[in-house]
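Structural characterization, general
Chain by chain, the residues:
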Amino acid sequence: MAQWQEVSEKSKLHPKPVGLVLQYGTAGFRTNADHLDHVMFRMGLLATLRSINTKAIIGVMVTASHNPEEDNGVKLIDPMGEMLTPAWEVYATQLANAEQDHLITVLKDLVQKESIDLTNQEAEVFVGRDTRSSSARLSDAVLDGVTALDGRSKDYGLVTTPQLHYMVCCCNTRGGYGKASVEGYYSKLSQAFIQLTKSAPNRTDDQKCLLVDGANGIGALKLREMEPYLQGALKVSLFCDGTGGKLNHQCGADFVKVQQNSPKGINRCCSFDGDADRIVYYYSDDHGRFHLLDGDKIATLISTFLKELLTKAGLDLKIAVVQTAYANGSSTRYLEDTMKVIVRCAKTGVKHLHHVAQEFDIGVYFEANGHGTVLFSKAAEEKIQQLCDDSEGERQGAATLLKNSVDLINQTVGDAISDMLLIEAILAIKGMTVQQWDAIYTDLPNRQLKVKVSDRRVIDTKDAERKTVSPAGLQEAIDRLVERHQDGRSFVRPSGTEDVVRVYSEAATQESADALGHEVSLAVY
Ligand code: NG1
Ligand code: ZN
């Protein structure tokens, strides 16, 4: 077929370094930007095939999120704005690793396995990118891949990851989720935020102003673009806005979370990551001590707010919080024992949390690092809408707040801008300061370490990564170490985005958490 000839010719312009092996990991492919041109071209091909296969628009986002500026990466977005389905992650890996003369065979195999009919099939791919200096040329390589298979493409240029997820979902639902443009996104979220904060008429100036660390990335650009739509309902002071500093360098959500330190000594502040799908809050107290409000605190604030509204509205909907093993033990205890909410633990990576959250009427999911969102089932949305239409008084008030929250939340994926606005609205409505929010429960001291090993894949885990099954004896060794520390908990797992094994530990004191982390690292090594 002439098409294969063309793909073969064009692929020579995007040669694969011989022997290079990459894996579609926790968040797509990610490595040094110099090694990714062939991967991008091939992901253009894969997205086109996926589009034919699903008869829907597929998204391709060029970003390496919180990684340093020198890195880059790519992730595919499925029709409803969700992450690529696992079976196709396998194809992505096979395609990325096929040597040049084997590429067409791998493609043909895929086409046959998925019974893809290449004749008279329409394909459309949306492409977006972050602000990295390598992103423009890499997204051109994706577009080349789409064209090679005669697919149509729309280049959204510079957008946040969650904005591209939103566009894909909007188009595939024929506008049901909103208007597929950045203006549509800004209007939808701003209107919902303005409506929500109307029920907090006594907001102080302090509550209306927020310091935002844009990680020197795309989030800063887009938040600045969005500000006029908010009509003064939120005044943002941006720093690390990309005008001087380097992407993710000593700023951004990952830096703040892992270093437990702020890029500025400040009052109430939040940090995005490099593609604006993560957010953490923090402040310094009167003694200059740094306080982090991470994904666990965010999930607690949001689920408490929604649960209270459900009670006021008299709506019997099942709400759950989905966390990972990295969730602070105090948060899990508070949610289960005090809030009486269902808590589930999923494997690291938002795609895993997303799927578990879909099992409930309302599923609030957050990774401790601040990546997460809320999902509402179709039935839940309908019941909320019905109550807005049919009820009155306090019940209707609560239902309207729920409806506005649904509109403000980007249900396709974690979204720093949308999460930030929801948190600001909740704090305003509840008349809560960041200090009061922080005081809901006290985090157990914890530590996250990285260990370099010759092959991280020898570590295999079970029970949502909370236990190791191999190598033999490792879990027993961890158990023995944990026993020696009050409130001790520790686990290890191979990272899906870096060539390291991650070690997590928590205990009653920081010294104890640090010691436990160190001891477990030695057991891994
Ligand atoms: P890995 O490298 O697999 O631990 C990290 C984060 C994940 C997720 C992905 C994608 C931690 C401990 N891990 O994954 O939560 O956000 O990156 O960005 O924060
Ligand atoms: Zn990110």
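Counting of residues starts from 1 at the beginning of each chain's written sequence and follows it residue by residue. For this description, chains carry letters from A and ligands carry numbers from 1, given in the order in which they are written. This being a predicted model, a pLDDT of at least 70 is required before a residue's local features are given, and a value of 80 or more before pairs of side-chain atoms are given or counted; all residues contribute to the totals for chains, interfaces and linings.

Rules: UniProt positions are given in the numbering used here, feature names are shortened, and annotations may be inferred rather than shown by experiment.
With an unreviewed UniProt entry as reference, the chain is termed Phosphoacetylglucosamine mutase, source organism Gadus morhua. On record in UniProt, under Sequence similarities (unreviewed entry), the comment for the chain is "Belongs to the phosphohexose mutase family." One UniProt comment on the chain, placed under Function (unreviewed entry), says "Catalyzes the conversion of GlcNAc-6-P into GlcNAc-1-P during the synthesis of uridine diphosphate/UDP-GlcNAc, a sugar nucleotide critical to multiple glycosylation pathways including protein N- and O-glycosylation."

1. Quick notes on the sheet that holds strand 13 (residues 362–366)
In a beta sheet, neighbouring strands are held together by backbone hydrogen bonds and run either parallel or antiparallel to one another. Let me state the cut-off plainly: In this description, strands pair whenever DSSP reports at least two bridges between them. In DSSP terms, a helix is any run of H or I states spanning at least four residues, a strand is any run of E spanning at least two, and both are numbered starting from the N terminus. Note on method: axes are straight lines fitted to C-alpha atoms, helices fitted across the in-contact stretch only, with angles between N-to-C directions ranging 0 to 180 degrees.
Pairing is mixed in the open sheet, where 4 strands are placed in the order 12-11-13-14. Two strands in the sheet have a free side with no partner beyond their single neighbour: strand 12 (342–345) and strand 14 (372–376). Direction aside, neighbouring strands of the sheet carry axes that sit 20° apart on average. Sheet analysis places strand 11 (residues 319–323) next to strand 12, joined by 4 bridges and oriented parallel. Among the inter-strand pairings, alanine 320 is bridged to a residue of strand 12, identified as isoleucine 342.

2. Thoughts on the domain arrangement of the chain
How big an interface is tends to be stated in terms of accessible area lost as the parts join. Stated precisely, the cut-off is as follows: Reported domain spans reflect what an automatic or database domain assignment gives. Contact between residues is assigned whenever the C-beta positions, reconstructed from backbone atoms, fall within 7 Å.
Assigned domains of the chain: these are domain 1 (2–158), domain 2 (184–292), domain 3 (295–412) and domain 4 (446–524). Taking the mean C-alpha position of each, domain 1 and domain 2 sit 32 Å from one another. Across the contact, 11 residues belong to domain 1 and 13 residues belong to domain 2.

3. Details of the site of ligand 1
The criterion, for reference: For each residue, a C-beta atom is positioned from the backbone; the residue is called near a molecule or strand if that atom sits within 6 Å of it. Residues are grouped as follows: Ala, Val, Leu, Ile, Met, Phe, Trp, Tyr, Cys and Pro are nonpolar; Asp, Glu, Lys and Arg are charged; every other residue, Gly included, is polar.
In the region of ligand 1, 14 residues are neighbours, and Thr26, Ala27, Ser495, Gly496 and Thr497 sit closest. Considered class by class, the residues forming the shell around ligand 1 number 2 nonpolar, 9 polar and 3 charged.

4. Details of the UniProt feature "active site" (unreviewed entry) in the chain
Heads up, the condition is: A residue is called partly exposed when the number of other C-beta atoms within 10 Å of its own lies between 12 and 20, exposed at 12 or fewer, and buried at 20 or more, with C-beta atoms placed from the backbone.
In the numbering adopted here, UniProt assigns the feature "active site" (unreviewed entry) to Ser65. The topology assignment puts serine 65 in the loop between strand 2 (58–62) and strand 3 (71–77). Under the C-beta neighbour-count criterion, serine 65 is labelled buried, with 28 such atoms within 10 Å. Dropping the residues within four chain positions of it, serine 65 is found in contact with Ala27, Asp273, Gly274 and Asp275.

5. Thoughts on the packing of helix 11 (residues 295–313) against helix 15 (residues 393–408)
As a reminder of what qualifies: Put simply, a crossing is left-handed when the front helix is turned counterclockwise from the back one by less than a right angle, and right-handed when it is turned clockwise.
For the pair helix 11 and helix 15, the least separation of the axes is 8 Å and the interaxial angle reads 145°. The handedness of the crossing between helix 11 and helix 15 comes out as left-handed. Side by side, helix 11 and helix 15 meet where Leu306, Leu309, Lys312 and Ala313 of the first sit next to Glu394, Arg395, Ala398, Ala399, Leu401, Leu402 and Ser405 of the second. For the contact of helix 11 with helix 15, the per-class residue count stands at 7 nonpolar, 1 polar and 3 charged.

6. Describing unusual backbone geometry
The step from serine 470 to proline 471 runs through a cis peptide bond, and the omega angle for that step is 0°. Structurally, proline 471 can be placed in the loop between strand 17 (467–470) and helix 18 (474–483).

7. Section: the sheet that holds strand 18 (residues 489–494)
What the 3 strands build is an open sheet, ordered 15-19-18; its pairing is antiparallel. The two strands at the open ends of the sheet, each matched to only one other strand, are strand 15 (446–451) and strand 18. In this sheet, neighbouring strand axes are inclined to one another by 15° on average, regardless of whether the strands run parallel or antiparallel. Sheet topology places strand 18 next to strand 19 (residues 501–506); 6 bridges connect them, and they run antiparallel. When the sheet's bridge partners are listed, proline 494 is paired in strand 19 with valine 501.

8. So, the nonpolar core
Put simply, the test is: What makes a nonpolar core is a set of buried Ala, Val, Leu, Ile, Met, Phe, Trp, Tyr and Cys residues, with links drawn between C-beta atoms within 7 Å.
Counting 134 residues, the largest nonpolar core has Met40, Met43 and Ile302 as the members making the most contacts within it. Take this core: its biggest share by element is 10 residues, from helix 16 (residues 416–430). Those residues in contact with methionine 40 that sit more than four places away from it in its chain are Val62, Val74, Leu138, Ala141 and Val142. Counting 16 residues, the second largest nonpolar core, distinct from the first, contains Ala325, Leu444, Ile459 and Phe491.

9. Comments concerning the environment of lysine 55
Counting through the fold element by element, lysine 55 comes out in the loop between helix 2 (37–54) and strand 2. Residue class for lysine 55 comes out exposed when judged on the 11 C-beta atoms lying within 10 Å of it. In the structure, lysine 55 is positioned 406 residues away from threonine 461 in sequence and 36 Å away in space, judged by C-alpha atoms.

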